[in-house]
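# A look at the structure
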Amino acid sequence: MDYEKISFYEEILKQYRIMYADKDVPLSYFEIWTGQCCTLRCRDCCHLIPKVKQRIYDIEALIEDYTRVADVCDIECLSIVGGEPFTHPELAKLLRSVKDNQRIKSAKIITNGTIKPNPDIIAALKELKGKFEVHVDGYRINEKKAFDFFELLENEGIPVQLSNYKAWKWKRLDPPDGVTFTPEQTKRNFEYCWDKKCVSLAEGILHSCFRGIVSEEVYGLPMNDYEDIRINSYDDPIELRARIATAIHRNMYKEYCLKCSGMSRYNYDEVEPGIQMTTR
Ligand code: SF4
Ligand code: SF4
């Protein structure tokens with residue numbers, strides 16, 4: 001990271017220690033990952049799941065971690081994602097923790113609908129009624145399964161939405177020919193990117209965007225203490241709030257943006273959602 005960015009972060013850290021001494025950091029959207037396993041291998045997966053090691057995260061640690069963040073942030077919507085979250089054998093435990101957490105006002109889970117939920121998960125989803133919604137992404141490859149999943153939940157009276165690949169396009173985020181963007185290009189990509197608000201947590205580290213989770217493994221872009229916050233490293237809630245607010249600051253691009261075309265209207269590289277990779 002260059003000196004200009006470090007000076008910027010040090011300055012706003014000082015300001016945020018004062019600003020968030022006794023108030024929570026607002027998070028309009030907070031995404032928590034259950035792991036890095038998926039039943040599909042989408043070539044243009046913005047989470048880069050087919051390119052990382054398949055792993056299931058420890059559910060107790062995840063519950064502790066997101067609770068810690070919820071204690072110091074004002075979260076509008078919590079989103080449970082994977083990879084594919086229904087691959088997690090202890091998903092019901094996580095769902096019930098969301099139900100019991102009074103700091104979480106609304107939540108959703110995003111799935112590709114390829115795994116039929118077991119009766120315990122159905123029961124946990126029903127218990128969340130009024131606070132929770134299920135989003136099913138249907139692509140050409142999983143069209144039937146996604147529809148069956150949607151129908152099953154609808155018949156159970158669980159709030160559910162189905163997105164169909166025919167109605168929308170994905171923006172491709174991987175840089176063309178694997179280039180690394182210059183800081184100037186990255187600033188512009190970041191400025192207009194609407195996913196910079198997609199605050200994401202995985203394995204105890206919080207990032208302003210989901211690409212922060214995987215960019216070290218995929219692109220070799222190292223994490224740092226300003227943009228990738230190890231939430232258990234800060235016992236003092238004021239310091240934790242200041243660190244989170246700094247990491248999600250919207251006027252400074254993140255190191256992991258150097259390998260991303262940005263989710264904005266200026267990224268014209270659009271593709272059909274859910275096209276599968278043909279090689280391993
Ligand atoms: S379904 Fe596709 S886009 Fe979604 S996490 Fe899996 S590989 Fe990524
Ligand atoms: S430009 Fe940065 S914030 Fe936007 S999607 Fe890419 S990595 Fe995330």
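Use the structure listed above.
In what follows, the accompanying structure is described. (Residues numbered from 1 in each chain as written. Chains lettered and ligands numbered in written order. Predicted model: local features only at pLDDT ≥ 70, side-chain atom pairs only at ≥ 80, totals over all residues.)

Gly 82 connects to Gly 83 through a cis peptide bond whose omega is 0 degrees. Tracing the sequence through the fold places Gly 83 in the loop between β4 (78-81) and α3 (91-100). Even without glycine at this site, Leu 48 takes up a positive phi of about 60 degrees. Residue position: Leu 48 is located in the loop between β2 (30-33) and α2 (59-72). Overall, the presence of 21 C-beta atoms within 10 Å leaves Leu 48 in the buried class. Positive phi outside glycine occurs at Asp 177, with the angle close to 60 degrees. Looking at the element boundaries, Asp 177 is found in the loop between β8 (170-171) and α6 (183-191). (Helix = DSSP H or I, 4+ residues; strand = E, 2+ residues; numbered from the N terminus. Buried ≥ 20, exposed ≤ 12 C-beta atoms within 10 Å, placed from the backbone.)

This part covers the sheet that holds β4. Strands sit in the order β7-β6-β5-β4-β2-β9-β10-β11 across an open sheet of 8 strands; the sheet is mixed. Edge strands, defined here as strands with exactly one partner in the open sheet, are β7 (160-164) and β11 (228-230). On average, each strand axis in the sheet is inclined to that of its neighbour by 25 degrees, with strand direction left out of account. Across 4 bridges, the pairing between β2 and β4 is parallel. Looking at β4, one finds that Phe 30 is bridged to Leu 78. The strands that helix α5 (residues 143-155) touches are β6 (132-138) and β7; relative to β6, the one it contacts most, it runs at about 160 degrees. (Pairing = 2+ DSSP bridges. Axes fitted to C-alpha atoms, helices over the stretch in contact; angles between N-to-C directions. Contact = placed C-beta atoms within 7 Å.)

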